[in-house]
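Below, each chain spelled out in residue letters.
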Amino acid sequence: MKRLLFVLVMVAVAQLHAQERLLCRNASVKFFSKMPLENIEAVNNQGLSVIDLASGKIEFSVLLKGFIFPNALMQEHFNENYVESSKYPRAQFKGVIQSIPVIDLTKNADYNLTVNGTMQLHGQSKEISTMAQLHVKEGKVTGESIFDLVLEDYAIQIPKLVKDKIAQKISINVKAIYQIQKPNL
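Before going into details, it helps to say that this report is about the structure given with it. (Residues numbered from 1 in each chain as written. Predicted model: local features only at pLDDT ≥ 70, side-chain atom pairs only at ≥ 80, totals over all residues. Heavy atoms only, no water.)

## Observations regarding the overall build of the chain
Using the following cut-off: For the purposes of this entry, the term helix denotes a DSSP run of H or I that reaches at least four residues, the term strand denotes a run of E that reaches at least two, and both are numbered from the N terminus. Contacts were defined at the residue level, with two residues in contact if any of their heavy atoms lie within 4.5 Å. Note that accessible areas follow from Shrake-Rupley with a 1.4 Å probe, and for residues the cover is restricted to the protein chains shown.
A count of helices and strands for the chain gives two helices and eight strands. Ordering the α and β elements of the chain from the N terminus gives α-β-β-β-α-β-β-β-β-β. A sequence separation of at least 24 residues applies to 60% of the contacts in the chain between residues at least 6 apart. Counting every atom, the chain has about 11,700 Å² of accessible surface; 55% of that belongs to carbon and sulfur.

So this is what it looks like as structure tokens:
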């Protein structure tokens with residue numbers, strides 16, 4: 001009888017652990033365009049990300065007007081001419097971690113993950129696959145991913161006048177510090 005009770009308790013604990021979610025409300029999203037004449041970069045520290053550890057589902061969202069550029073003119077052109085942030089206010093990613101490992105949030109470890117999903121930007125959707133890392137250290141969980149987006153895939157038009165100043169492929173760097181969300185009992 002004690003053994004059966006022990007097994008039932010262990011199953012219940014495992015189910016509770018599997019229902020944990022990771023939440024970040026201030027993820028950093030940086031993008032970088034390297035060109036011979038001028039590099040263009042911007043950062044947004046208001047990204048929202050959720051990871052469901054049971055299913056491996058991950059969602060990420062960022063308001064495009066939240067990107068900060070080195071100068072106001074770049075920021076204005078980005079919002080008005082390129083991503084049209086008044087019409088398309090956010091970029092979103094919804095995906096799934098492939099072959100999700102058992103992630104033990106109580107032990108220091110690094111997890112290399114493959115994430116497949118759909119990126120939505122500028123009214124366009126595109127399937128992408130990227131590598132991501134989750135780091136668990138002393139009870140804190142951080143995530144990071146670096147990937148490229150091709151502007152043409154999202155119908156972002158670059159005027160001929162500045163075509164030589166903006167790369168067609170933009171490097172994206174995402175970093176998030178997650179809070180562990182325990183299920184309500």
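## Thoughts on the sheet that holds strand S4 (residues 90-98)
Convention followed: Here the rule is simple: two strands pair whenever DSSP picks up at least two bridges between them. Only the stretch in contact is used when a helix axis is fitted, and all axes are lines through C-alpha atoms; the angle between N-to-C directions ranges over 0 to 180 degrees.
The strand order S1-S2-S3-S4-S5-S6-S7-S8 describes a closed barrel built from eight strands, whose pairing is antiparallel. In this sheet, neighbouring strand axes are inclined to one another by 25 degrees on average, regardless of whether the strands run parallel or antiparallel.

## Let's talk about unusual backbone geometry
Look at His122: it is not a glycine, yet its phi comes out positive at around 55 degrees. With respect to the secondary-structure elements, His122 resides in the loop between strand S5 (109-121) and strand S6 (124-137). Even without being glycine, Ala155 reaches a positive phi, approximately 55 degrees. Examined against the element boundaries, Ala155 turns out to sit in the loop between strand S7 (140-150) and strand S8 (169-181).

## Considerations on the pattern of salt bridges
Quick note on the threshold: What makes a salt bridge here is a side-chain nitrogen of Lys or Arg within 4 Å of a carboxyl oxygen of Asp or Glu, nothing more. Relative accessibility thresholds used throughout: buried, under 20% of the residue-type maximum; exposed, over 50%; partly exposed, between the two (1.4 Å probe, protein chains only).
Counted according to the given criterion, the structure contains one salt bridge. The shortest N-O distance in the salt bridge between Asp52 and Arg21 comes to 3.4 Å. Pair noted here: Asp52 is in strand S2 (residues 40-52) and Arg21 is in strand S1 (residues 21-33), with a separation of 31 residues, a long-range link. For Asp52, a relative accessible area of 15% translates into the label buried. With a relative accessible area of 43%, Arg21 lands in the partly exposed category.

## Digging into helix H2 (residues 72-82)
Applied cut-off: Our arc is simply the arc of the directions from the helix axis toward the C-beta atoms.
Turning to H2, its buried residues are Met74, Phe78, Asn79 and Tyr82. Angularly, the buried residues of H2 cover 125 degrees about the axis, an arc narrow enough to put them on a single face. Residues of H2 that are exposed and angled more than 90 degrees away from the buried face: Ala72, Leu73 and Glu80. The secondary structure elements touched by the buried residues of H2 are S1 and S2. Two residues or fewer after H2 comes Glu84, characterised by a positive phi angle close to 45 degrees.

## Some remarks on the packing of aromatic side chains
Geometry of an aromatic ring pair is reported as the spacing of the ring centres plus the angle between the planes. Heads up, the rule is: Pairing of aromatic rings covers Phe, Tyr and Trp, the last counted by its six-membered ring, and requires centre-to-centre distances within 6.5 Å; plane angles under 30 degrees mean stacked, over 60 mean edge-to-face, and any other angle means tilted.
Here the structure, examined in full by the defined rule, presents five aromatic pairs. A ring pair is formed by Phe31 and Phe78, whose centres lie 5.4 Å apart and whose planes are at 25 degrees; its orientation type is stacked. Of this pair, Phe31 sits in strand S1 while Phe78 sits in helix H2; the two residues are 47 residues apart in sequence, bridging distant segments of the chain. Where Phe67 meets Phe78, the ring centres are 5.7 Å apart and the plane angle is 70 degrees; that geometry is what we call edge-to-face.

## Some remarks on the nonpolar core
Where we set the bar: Put simply, buried Ala, Val, Leu, Ile, Met, Phe, Trp, Tyr and Cys residues joined by side-chain atoms within 4.5 Å make one nonpolar core.
Within the largest apolar cluster, 46 residues are counted, with the highest numbers of intra-cluster contacts made by Phe31, Phe67, Leu134 and Tyr178. Setting aside its immediate chain neighbours within four residues, Leu134 contacts Leu22, Ile51, Ile103, Ala109, Asp110, Tyr111, Leu113, Val141, Thr142, Gly143 and Tyr178.

## A closer look at the pairing of S6
With 13 bridges joining them, S5 and S6 adopt antiparallel strand pairing. Counterpart to Asn112 in the pairing with S6 is Gln133. Following S5, the chain reverses through two residues before pairing antiparallel with S6; His122 in that reversal takes a positive phi of roughly 55 degrees. The pairing of S6 with S7 spans six bridges and is antiparallel. Across the sheet, residue Lys137 finds its bridge partner in S7, namely Lys140. Between S6 and S7, which pair antiparallel and follow one another directly, the connecting turn spans two residues, one of which, Glu138, has a positive phi of 50 degrees.

Shape descriptors only; they carry no functional weight alone.
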